[in-house]
Amino acid sequence: MDTVVTNGTIITATETYRADIGIENGKITALARGLEGAETIDAEGNYVFPGGIDIHTHFELPFMGTVSADDFETGSIAAACGGTTTFVDFAIQGEGESLHQALQTWMERASGKAAIDYGFHVAIGDMTDEVMNKEMAELVEQGITSFKLFMAYKGTFMVDDETLFKSLIKANELGALIMVHAENGDVLNYLINKHIAEGKLEPIWHARSHPPEAEAEAVGRAIILARLAGTPIYVVHLSAADALEKVKEARDQGQPVLAETCPQYLLFSTQHYELPGFEGAKYVMSPPLRDKSNQEPLWQGLASDDLQVVGTDHCPFNFVGQKDMGKDDFSKIPNGMPGVETRVPLMYHFGVNEGWFSVNRFVELVSTNPARLFGLAPQKGTISIGADADLVIFDSEKEVRLSVENLHMNVDHSPYDHITVKGYPVLTMQRGRIIVKDGEFVGDAGAGQFLRRSSPASI
Ligand code: URP
Ligand code: ZN
Ligand code: ZN
């Protein structure tokens, strides 16, 4: 063996057992006791998880007059420090652009910079005949097996129902997965303009311009369009109980509807928008934070499998110089917050320690399901013979305060600053190489490989 990880407790979505892990040429080649290798890493007393997979990031995203603060290098290094070894970002088709051009732009941004393995979804903005009849199929051939449609952000990313429906029909033919940002963009647009005209300009009006009903309506509509097209659908960053109810109803009827939530919706609430001194701007994102009463249903959704994935929607903007673009008008606050580094520890601390689900379910939510649903399995998302040796050694006793000083994301604040989690990665490995040790990145920028994804697992 090149490397052996000894004495750890291996956790997969379905099993918990003690064994050594033998690694050769970056792959797991043995799972047994008493293995020996050129290098030994002792995981005594710790868990060994498959590396986290975050299928919802926005590194270096040009958005709302600025660019998200983490590029592919800083963002992927932070991800690795937090126990994530693979991310899937979004290449977004600009006006007049082909899907291929969008992908090429994002490939260039990531190339030579990404420190961990990565893939792309492509977001369709303009459903031309070329996109429908040629490009989607060509992209699937190139390993882009999921496409995203925005039902919100009128005037920029938002598409109409015809575009969404055509994408669903085509995706069904190609075995690809359609993802939706589900909020009714027309309703939001009306409310945003109304509130601005009335002089209601503070961060709280962002939330009041994005009511939960507008999310539930769009989720319900997307589900019906997917049913008509006879294809699965995946709802990104689901934030509210009413929207979850739509997902649950459809799943109870046997429709393949999948959904993700993010730590911010599980842990924060609308109250954050009323923090003094424009602090609320840090939490401006779409969908917005919801009333606290939504949190428990979301946790239950993760436990019961009505929600299958925890992503981050990592899209950080500095408080000074970016968020403050909207100090006189909430609609100018760039939407998004950091999270790629904190997802794994937060889900362990609040999900497992607080008793919402088992450590196996935690692995399923942050690694195995993302791999399965986005065509990365069996190479990623589990610890098994033949899989990539993407491993996280996790000390369930280690306490870390999620303050800016302890984190690596390229942003001037931490929304989780006041939280100390119990349970933290102490070593991250990608394809058999140590890339993070004791909280410090020791890998190489640019060492991440582009992953050509296969069709999502049958759902
Ligand atoms: O506020 C958010 N979510 N910003 C990132 C873009 C998106 O909608 O996913
Ligand atoms: Zn979105
Ligand atoms: Zn997003």
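Note that the structure is predicted; figures quoted are calculated from it, not measured.

Definitions and cut-offs
Residues numbered from 1 in each chain as written. Chains lettered and ligands numbered in written order. Predicted model: local features only at pLDDT ≥ 70, side-chain atom pairs only at ≥ 80, totals over all residues. Heavy atoms only, no water. Donors = N, O, S within 2.8 Å, 3.2 Å for Na, K, Ca; no water. Tetrahedral: all angles 85-135°; square planar, octahedral: opposite > 155°, others 65-115°. Helix = DSSP H or I, 4+ residues; strand = E, 2+ residues; numbered from the N terminus. Buried < 20%, exposed > 50% of the residue type's maximum accessible area, 1.4 Å probe, protein only. Phe/Tyr/Trp six-rings, centres within 6.5 Å; stacked < 30°, edge-to-face > 60°. Lys NZ or Arg CZ within 6 Å of the ring centre and 35° of its normal. Pairing = 2+ DSSP bridges. Axes fitted to C-alpha atoms, helices over the stretch in contact; angles between N-to-C directions. 1 Å grid on protein atoms, 1.4 Å probe; cavity = no way out; pocket = protein on both sides within 12 Å on 5 of 7 lines; lining within 4 Å. Points joined across faces, edges and corners; volume = space filled by probe spheres on them. Nonpolar A, V, L, I, M, F, W, Y, C, P; charged D, E, K, R; others polar. Core = buried A, V, L, I, M, F, W, Y, C linked by side-chain atoms within 4.5 Å. Contact = heavy atoms within 4.5 Å. Near = heavy atom within 4 Å. Polar contact = N/O pair within 3.5 Å; in protein donor to acceptor, adjacent residues only side chain to side chain. Areas by Shrake-Rupley, 256 points an atom, 1.4 Å probe, with all protein chains shown as cover. Sits in = over half its atoms within 2 Å of the grid points. Arc of directions from axis to C-beta. Left-handed = near helix turned anticlockwise from the far one by under 90°.

Peer 1: When you look at the coordination of the zinc ion (ligand 2) in this model, what are you seeing that I'm missing?
Peer 2: Between any two of four tetrahedral donors, the ideal angle at the metal is 109.5 degrees; between two of six octahedral donors, it is 90 or 180 degrees. Within the protein, the zinc ion (ligand 2) binds to His181 (ND1) and His237 (NE2); these donor distances fall in the range 2.1 Å. The site at the zinc ion (ligand 2) holds four donor atoms, and with the angles between them running 57 to 151°, its shape is irregular. In this structure, the zinc ion (ligand 2) is positioned 3.7 Å from the zinc ion (ligand 3). Of this pair, histidine 181 sits in strand β14 (residues 177-181) while histidine 237 sits in the loop between β15 (233-235) and α8 (241-252), and the two are 56 residues apart along the sequence.

Peer 1: Just checking my understanding: could you explain the coordination of the zinc ion (ligand 3) for this structure?
Peer 2: Around the zinc ion (ligand 3), the donor atoms from the protein are His56 (NE2), His58 (NE2) and Asp313 (OD), and they sit 2.0 to 2.1 Å away. Geometry at the zinc ion (ligand 3) is irregular, judged from its four donor atoms and the angles of 88 to 143° they form at the metal. Sequence spacing among the residues donating to the zinc ion (ligand 3) works out to H-x1-H-x254-D. Of the residues examined, histidine 58 reaches a relative accessible area of 5% and is grouped as buried.

Peer 1: Looking at this model, I keep getting lost on the packing of aromatic side chains. Mind explaining?
Peer 2: Aromatic ring pairs are reported here in terms of the distance separating the ring centres and the angle at which the planes meet. All chains considered together, the criterion is met by 27 aromatic pairs. Look at tyrosine 348 and phenylalanine 362: their rings are 5.5 Å apart centre to centre, the planes differ by 80°, and that puts the pair in the edge-to-face class. Here phenylalanine 362 lies in helix α12 (residues 359-373) and tyrosine 348 lies in helix α11 (residues 343-353), a separation of 14 residues in the sequence. For phenylalanine 362, a relative accessible area of 0% corresponds to the buried category. What links up through ring pairs into an aromatic cluster is the set Phe59, Phe72, Phe87, Tyr118, Phe120 and Phe450. Across from the ring centre of tryptophan 205, 4.7 Å away, lies the NZ or CZ of arginine 208, which sits over that ring. The aromatic ring of phenylalanine 319 is capped on one face by lysine 282, whose charged end is 5.0 Å from the ring centroid.

Peer 1: Where do I start with the sheet that holds strand β5 (residues 27-32) in this structure?
Peer 2: Backbone-to-backbone hydrogen bonds pair the strands of a sheet. The strands run either parallel or antiparallel. Across the sheet, which stays open at both edges, the four strands sit in the order β5-β4-β1-β6 with mixed pairing between neighbours. The sheet terminates laterally at β5 and β6 (39-42), the two strands that pair on one side only. On average, adjacent strands in this sheet sit at an angle of 20° to one another, irrespective of strand direction. The pairing of strand β4 (residues 20-24) with β5 spans five bridges and is classified as antiparallel. Note that in β5 the partner of isoleucine 23 across the bridge is isoleucine 28.

Peer 1: What is the right way to look at empty space enclosed by the protein in this model?
Peer 2: Where empty space is left becomes clear once a probe the size of a water molecule has been rolled over the atoms. Considering all chains together, one arrives at four cavities of 30 Å³ or more under this definition. Put simply, the largest cavity is a space of about 90 Å³. Lining the largest cavity are 14 residues, with His58, Phe63, Tyr153, Asp313 and Asn335 sitting closest to its centre. In terms of residue class, the lining of the largest cavity is built from six nonpolar, six polar and two charged.

Peer 1: Would you take a moment to explain the nonpolar core for this structure?
Peer 2: Inside soluble globular proteins, nonpolar side chains tend to come together where they are buried. Counting residues in hydrophobic clusters, the biggest one holds 136 residues, and the most contacted among them are Phe147, Val180, Tyr234 and Phe362. Once residues lying within four places of it in the same chain are set aside, the contact partners of tyrosine 234 are Ile55, Leu177, Ile178, Met179, Val180, Leu258, Glu260, Val309, Leu373 and Phe374. If you look at the next biggest cluster of nonpolar residues, it comprises 18 residues, including Ala19, Ile23, Ala389 and Leu427.

Peer 1: What exactly am I supposed to notice about the site of ligand 1 here?
Peer 2: Around ligand 1 lies a shell of 14 residues, among which Tyr153, His181, Ser286, Asp313 and Asn335 are the nearest. For ligand 1, an oxygen atom lies 3.1 Å from a polar atom in the side chain of histidine 181. Note that a nitrogen atom of ligand 1 is positioned 3.0 Å from one of the backbone N or O atoms of asparagine 335. The protein chains hide 100% of the 270 Å² of surface that ligand 1 would expose on its own. When atom positions are compared with the pocket grids, ligand 1 is found to occupy the largest cavity. Here the shell around ligand 1 is composed, by residue class, of five nonpolar, seven polar and two charged.

Peer 1: So what exactly am I meant to see when it comes to the sheet that holds strand β13 (residues 146-150) here?
Peer 2: The parallel open sheet is built from eight strands, whose spatial order is β8-β11-β12-β13-β14-β15-β16-β17. The two strands at the open ends of the sheet, each matched to only one other strand, are β8 (52-57) and β17 (309-310). With three bridges joining them, β15 and strand β16 (residues 257-261) adopt parallel strand pairing. Residue pairing across strands places valine 235 opposite alanine 259, the latter belonging to β16. The sheet contacts of helix α2 (residues 99-110) involve β11 (84-92), β12 (117-123) and β13, and relative to β12 the element is tilted by about 150°.

Peer 1: Would you mind showing me how to read helix α10 (residues 295-304) here?
Peer 2: Helical geometry note: an α-helix holds 3.6 residues per turn, so side chains three or four residues apart project in the same direction. Taken as a whole, α10 has its buried residues at Gln295, Leu298, Trp299, Gly301 and Leu302. Seen from one end, α10 has its buried residues packed into an arc of 155°, which puts them on one side. In this fold, the buried residues of α10 make contact with α8, β16, α9 (263-267), β17, α11 and α12. Positioned one or two residues after α10, aspartate 305 has a phi angle of 80°, which is positive.

Peer 1: How should I be thinking about the packing of α11 against α12 in this particular structure?
Peer 2: Axis angle and axis distance: for two packed helices, these are the angle between their axes and the distance between the axes, and together they describe the pair. Relative to each other, α11 and α12 sit at 145°, their axes nearing to 10 Å. Like other packed secondary-structure pairs, α11 and α12 cross with a definite hand, here right-handed. The segment α11 lies against α12, with Arg343, Val344, Met347, Tyr348 and Val352 engaging Val359, Phe362 and Val366. Looking at side-chain class alone, the contact of α11 with α12 contains seven nonpolar, no polar and one charged residues.

Peer 1: Help me understand the pairing of strand β20 (residues 433-437), please; the structure alone is not making it clear to me.
Peer 2: Along a regular strand, successive side chains alternate from one face of the sheet to the other. With four bridges connecting them, strand β19 (residues 420-430) and β20 associate as antiparallel partners. Each residue of the ladder has a partner; that of leucine 427, found in β20, is lysine 437. Where β19 folds back onto β20 in an antiparallel hairpin, the turn is made up of two residues, including arginine 431, whose phi is positive at roughly 45°. Sheet topology places β20 next to strand β21 (residues 440-441); two bridges connect them, and they run antiparallel. The residue bridging valine 436 from the neighbouring strand is phenylalanine 441, located in β21.

Purely geometric stuff here, so don't read any function into it on its own.
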